[in-house]
Amino acid sequence: MKSRSTTRIAIGALLLTVLAAVIIAAGCANTFTSSGASEQTTLTGTTLRNTGPTQSFFTAVQVDPRSEDSAGPQVVVAGDLDGDGLLDLVSGWNQSQPLQIHLQRRDERNNITFETVTLAGNIPIALIADLAVADFDSDGHNDIAVLVKDTGDTGLCRMTGQPVSGSTGAIVIYYGPADARDVTNPLAWVDVQLMNSFVQGSAGASGSEAVLPEDGGYTAVAVGDLDGVNGPDMVVTFNAGGCDGNLREVDAYYNPGSAGARRSGEWTPTPLFQGIPGDPNAITIKDVALADIDRDGDLDVLTTIPGANARNVSWFRNPQLDAPDDFHISDGEWHMGVIGQISSGADVLAVGDIDQDGIVDVAIRSTTGLLIQWLKGAQFPTTEPVRSIPWHVFTLAEFRDRAPEALALGDVSDDGRIDAVVSAGGAIVWFNGRSAANVYDPWAENLIVDENPGGGTASAASIPSPPPTNGNSANANGSAPTTQPASGGTTTGPTSGSAGSGSVATLINALLIVDLDGDGDRDIIATLDRRQGSGLTNDALIWYRNDLRALAAP
C-alpha cells in the first residue's frame, strides 16, 4: 500500500483546440458516430488514453495520475478540502484499496491540474461503501466520512460486544487539518473510528473481486443537519449478518457537537427503521438520501429496499419541525411513508424537482427491470398510520440490453431543467426531458462515451482486446441507442451484462454532477472500473468537462 502519492496531471490550454472535433449529439439519440481520434497500440494491447473529445459537448480529462494503477474506483464525492475556494475530489478504490484526495490547482493562466494524495487505505477501510464531505466538528475545515463495508480486520458484534471475524463494517471520519498547508500530509488528518458503528455484515466478495458498494453490509450514507443543532448529521443503511442476526437498519447518527465530534464513543445510532432481528428472509436496504419531502423546512430521509413486497421506495418524516395536519401523526417520532413500489426492484435513487413544480421528485434505478423511473412528489405526502398513498410514477428510460448502473440528476444542458445522467455497460448517456412530448414521457437519450461499442455478453476473458477508450466512443459501426425508443418499437444493438455481473467490460459505479471548474456549466465525474484482462490496469477517475459555454463563445 502506498503511503503517499503526489502527482500533478496537467490539462493545459491545448485541450481547447480539440473542441472542433467534438460531436454534438444532444437531441440525436440515434446517431452514434466516431470522432476519428487515434489510438496507440503496443505488443501488450491498446494504450488507453483518457483525454479528448466525446460524443457530446464534454471533454474527457483523467483526474488521477495516468501512470499510477490504483484499481477498482467505486465512489467519488466533491468538496473544498483546503479552503482555497476550488472544489476538490475524494475517491475510493476497492481493489487496490486506497482512499485518495484530488486537490484542484490553478496556475497563473488558469490551467487546471490535480494533485493526488493517498490519505489512507487497506485496514481499516479495505472496502468502501460510500463517502461524504462535511465540516463535522465545526472548525471551518471540511472532513471526510468513510462508510466502510469491510474494515479488513476483526470487529465487535454489535449485539454482544464480543470480537468477531469476517466482514465487519464501520464509519471512519478523517478530520481535516487546521492549516491548509498540511492537507497534503496524510498524517495531519486525524482519523476517528466511530465505536458504535462497528457491525458484522455481508460485504460479499473479497477485495480482489470488488463487489458493488450497494450489495450487503453498509450500503449508503447521506449527510445533512437533521435536528438543527451541532452541525451535519449522518444517516446510514446497513445489512448486518452473522452474530448480529441478519439485522436491517436505517440509522441516524446525530452529531454530538464540535467538542464531542472527535470522540469515538459520542456518535451513537438512532434507528429510524429496523427489520426483525434474525429474520432469515430479511431484505437488503440499499440507498439513502435526504430531502425536504413535506416542505416543512427540515430534512426527511428516503430509502430503497429493493426486495420489499410493498413500498420499496419509502420516506421517513423528520419530526424536528412538526406542524399538525391531516397527513401525519404529530407525536415527535419518525414515521415511515410510502413513495412507491417498483416491482422489478428499486435499487438506487436520486432526488430533484424534475417537473419544476416546487416539490421534490425521486428518480429510481431498477437493475433487474433495466429501467429508470421517477416518482412525482406528492402535494400532501402521507406517513403511517395515516393512509398509504403512492406517488404517480413515470418512465424516464427503459434499456434494451444493458443494465443501468449509476444515476445522477442535474442540469448539464443549461436549459434550466433537470437532466438525468446514467451509466450502463460501459456507456454514459444523458437524458433530457424537454425533448420529449413533455417531461412525463420517455426522455431523449444522448451518448457521451461508450467503452463497449461492439457489445456482446461475453466474459472479459473472451474479449480480444480492450475497446478504444481515449475519451471517445470510437464506434465505427454506429451503435443503436441503448434504450428503447419512445415509440415502443423494437431495436437491436449492443448488449452487455447486468451491473456488477462480471461480464461488463467497464463498470461505472459512480456518477457525480458538479461544476468542478466553476465556469457555470455542470460537469460529470465518473469512476471507470475496467474489467478486461486482469481488471487491475487502466482504471480511471474521469472528469467530463462541460464545454457548452466554450462552444457557444464567439
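As a reminder, the structure under discussion sits directly above these lines.
To keep things clear, this report deals only with the structure shown in the data block. Small disclaimer: the values here were computed from a predicted structure and weren't measured.

**Regarding the side chain of D517**
Relative to the assigned elements, D517 resides in the loop between β34 (511–514) and β35 (523–530). One buried charged residue, D517, remains without a salt bridge, the closest side chain of opposite sign being R545 at 5.0 Å. In this structure D517 touches Q104, R106, I112, D523, W543 and R545, once residues within four positions along its chain are discounted.

**With respect to the pattern of salt bridges**
Inspection of every chain in the model, using the stated rule, returns 23 salt bridges. In this structure, E214 and R365 form a salt bridge, with 2.6 Å as the shortest nitrogen-oxygen distance. One end of the pair, E214, is in the loop between β16 (199–200) and β17 (217–224); the other, R365, is in strand β26 (residues 361–366), with 151 residues separating them in the sequence. There is no split in this pair, since E214 and R365 are both buried. The partner of D322 in a salt bridge is R317, with the nearest N and O atoms 3.0 Å apart.

**Structural notes on the sheet that holds strand β22 (residues 300–304)**
Judged by pairing direction, the sheet is antiparallel, and its four strands sit side by side in the order β21-β22-β23-β24 without closing on themselves. The open sheet has two free edges, formed respectively by β21 (287–291) and β24 (335–340), since each of these has just one partner strand. When the angles between neighbouring strand axes are averaged without regard to direction, this sheet yields 25°. Direction of pairing for β22 relative to strand β23 (residues 313–317): antiparallel, over a ladder of four bridges. Across the sheet, T303 pairs through a bridge with S314, a residue of β23.

**A short note on the pairing of strand β18 (residues 233–239)**
A large share of β18 lies buried, amounting to seven of its seven residues. A two-sided burial pattern is seen for β18, the buried positions comprising D233, V235, T237 and N239 on one face and M234, V236 and F238 on the other. Two elements, β17 and β18, share seven bridges in a ladder whose sense is antiparallel. Each residue of the ladder has a partner; that of A220, found in β18, is T237. The sheet contact formed by β18 and strand β19 (residues 248–253) spans six bridges and is antiparallel. Along β19, the bridge assignment pairs F238 with E249.

**Some points on the pairing of strand β5 (residues 58–62)**
Within β5, five of the five residues are buried, leaving the element largely enclosed by the surrounding structure. Judged by which residues are buried, β5 turns out to be covered on both faces: F58, A60 and Q62 on one side and T59 and V61 on the other are all buried. Sheet topology note: the strand β4 (residues 52–53)/β5 ladder contains two bridges and is antiparallel. Bridge pairing in β5 places P53 opposite T59. Linkage of β4 to β5, two consecutive antiparallel strands, is achieved through a turn of four residues. As defined by bridge partners, β5 adjoins strand β36 (residues 540–546) across five bridges and the pair is classed as antiparallel. By the bridge assignment for β36, V61 is matched with W543.

**Things to note about the nonpolar core**
If you look at the biggest cluster of nonpolar residues, it comprises 24 residues, and the most contacted ones within it are I354, W374, L396, F399, F431 and W443. Elements with a minimum of two residues in this core: β25 (348–352), β27 (371–375), β28 (393–398), β29 (404–410), β30 (419–424) and β31 (427–432). Counting 22 residues, the second-largest nonpolar core is a separate cluster that includes F136, I173, V221 and A261.

**Quick notes on the packing of aromatic side chains**
The tally for this structure, following the rule as stated, stands at 11 aromatic pairs. Between the aromatic rings of F114 and W543, the centroid separation amounts to 5.9 Å while the plane-to-plane angle is 80°, which identifies the pairing as edge-to-face. Residue F114 is found in strand β9 (residues 112–121), and its partner W543 is found in strand β36; the two are separated by 429 residues along the sequence. In this structure, F114 and W543 share a single accessibility class: buried. Aromatic side chains F273 and F316 sit 6.2 Å apart centroid to centroid with 55° between the ring planes, which places their arrangement in the tilted category. Pair noted here: F273 is in strand β20 (residues 269–274) and F316 is in strand β23, with a separation of 43 residues, a long-range link. Relative accessible area serves as the criterion here: at 1%, F316 is assigned to the buried category. Chaining the aromatic ring pairs together yields one cluster made of F57, F58 and W430.

Here is what the cut-offs are and how they apply
- Within every chain, residues take consecutive numbers counted from 1 along the sequence as written.
- Predicted model: local features are reported for residues with pLDDT of at least 70 only, side-chain atom pairs are reported and counted for 80 or more only, and whole-chain, interface and lining totals are derived from all residues.
- The basis for the side-chain values is all heavy atoms of the structure; hydrogens and waters are excluded.
- Secondary structure is summarised from DSSP: a helix means a run of H or I of at least four residues, a strand means a run of E of at least two, and numbering begins at the N terminus for each.
- Whether a residue is buried, partly exposed or exposed follows from its accessible area with a 1.4 Å probe, protein chains only, as a fraction of its type maximum: under 20%, in between, or over 50%, in that order.
- Positive charges are assigned to Lys and Arg, negative charges to Asp and Glu, while His and the chain termini are left out of the count.
- Salt bridges are defined as contacts in which a side-chain nitrogen from Lys or Arg sits within 4 Å of a carboxyl oxygen from Asp or Glu.
- Two residues form a contact once any of their heavy atoms are found within 4.5 Å.
- The pairing criterion is simple: DSSP has to find at least two bridges between the two strands.
- Helix axes are fitted only over the stretch in contact, all axes being lines through C-alpha atoms; the angle between N-to-C directions runs from 0 to 180 degrees.
- As used here, the term nonpolar core means buried Ala, Val, Leu, Ile, Met, Phe, Trp, Tyr and Cys residues forming a set that is joined through side-chain atoms within 4.5 Å.
- Two rings from Phe, Tyr or Trp (for Trp, the six-membered ring) form a pair when their centres are within 6.5 Å of each other. A pair whose planes differ by under 30 degrees is stacked, one over 60 is edge-to-face, and the rest are tilted.

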